[in-house]
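Reading the structure
In case you want the letters, here they are:
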Amino acid sequence: RATFFDSAKVKNMVDKKTRSALSKFGAFVRRAAKSSIRKRKQISEVGSPPSSHVGTLKDLIYFAYDPKNKSVVVGPQPLEGKKAVAPAALEMGGPSLMMRRKRLVTIMVRARPFMLPAMEQELPKFLPLFKG
């Protein structure tokens, strides 16, 4: 029996539109997060985005579309080794590791969120990406 539309074709088109919209949103959030991190020597205020002393954190922020879950993931690429907790500690606060006098010591970091504020800033652009 013939149907009104080719369901495989429509599904494929919807998947392309979803991937495109989520990828654009991921790019918007990534850009907002990276631009919120200012390069300066002083420490940022608690509750505001972190300062970038070297530029490492900004360079690690990526986004990726996950076709299996039809979602987008945006954030810093996980670090390897013992310093892997630094980006999460900056976002939510908590313990992190720091070099002091050639020794690795645990410090408590107060939250300096940069990913959640970036997402909230870009959220009004999300639904219009699905228009059409």
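In what follows, the structure referred to is the one given above.
All values reported here derive from a predicted model rather than from experimental measurement. (Residues numbered from 1 in each chain as written. Predicted model: local features only at pLDDT ≥ 70, side-chain atom pairs only at ≥ 80, totals over all residues. Heavy atoms only, no water.)

This paragraph deals with the overall build of the protein. Across its full length, the protein carries four helices and four strands. Counting helices and strands in the order they occur from the N terminus, the protein gives α-α-β-β-α-β-β-α. In terms of overall dimensions, the protein is more spread out than a globule: its C-alpha atoms have a radius of gyration of 19 Å, far above the 14 Å expected for 132 residues. With respect to the three principal axes, the spread of C-alpha positions in the protein is 75 × 30 × 20 Å. Across the 132 residues that make up the protein, the buried fraction comes to 23%. Sequence-distant contacts in the protein: of pairs separated by 6 or more residues, those separated by 24 or more amount to 48%. Within the structure as shown, the protein displays about 9,800 Å² of accessible surface, and the carbon and sulfur contribution to it stands at 59%. Distance from the positive charge centre (27 side chains) to the negative charge centre (9 side chains) of the protein: 6 Å. (Helix = DSSP H or I, 4+ residues; strand = E, 2+ residues; numbered from the N terminus. Rg over C-alpha atoms; globule rule 2.2 N^0.38 Å. Buried < 20%, exposed > 50% of the residue type's maximum accessible area, 1.4 Å probe, protein only. Contact = heavy atoms within 4.5 Å. Areas by Shrake-Rupley, 256 points an atom, 1.4 Å probe, with all protein chains shown as cover. Lys, Arg positive; Asp, Glu negative; His and termini not counted. Charge placed at Lys NZ, Arg CZ, Asp CG, Glu CD.)

Glancing now at unusual backbone geometry. Within the chain, lysine 70 stands out as a residue other than glycine whose phi angle is a positive 50 degrees. Locating lysine 70 in the fold gives a position in the loop between β1 (61-66) and β2 (71-76). Looking at lysine 70, the relative accessible area reads 39%, which means it is partly exposed. Although it is not a glycine, lysine 102 adopts a positive phi angle of roughly 65 degrees. Here lysine 102 is to be found in the loop between β3 (94-100) and β4 (103-109). By relative accessible area, which is 81% here, lysine 102 ends up exposed.

With that settled, the discussion passes to the packing of aromatic side chains. Per the stated rule, a full pass over the model turns up two aromatic pairs. Plain terms: the ring middles of phenylalanine 126 and phenylalanine 130 are 5.3 Å apart, the flat faces sit at 80 degrees to each other, and that makes the pair edge-to-face. In this structure phenylalanine 126 comes out as partly exposed when scored by relative accessible area, which is 23%. Aromatic ring contacts, followed pair by pair, group Phe25, Phe126 and Phe130 into a single cluster. (Phe/Tyr/Trp six-rings, centres within 6.5 Å; stacked < 30°, edge-to-face > 60°.)

Attention now moves to the pattern of salt bridges. Across all of its chains, the model carries two salt bridges by this definition. The closest approach of N and O atoms between glutamate 122 and lysine 125, which form a salt bridge, is 2.9 Å. Judged by its relative accessible area of 2%, glutamate 122 is buried. (Salt bridge = Lys/Arg side-chain N within 4 Å of Asp/Glu carboxyl O.)

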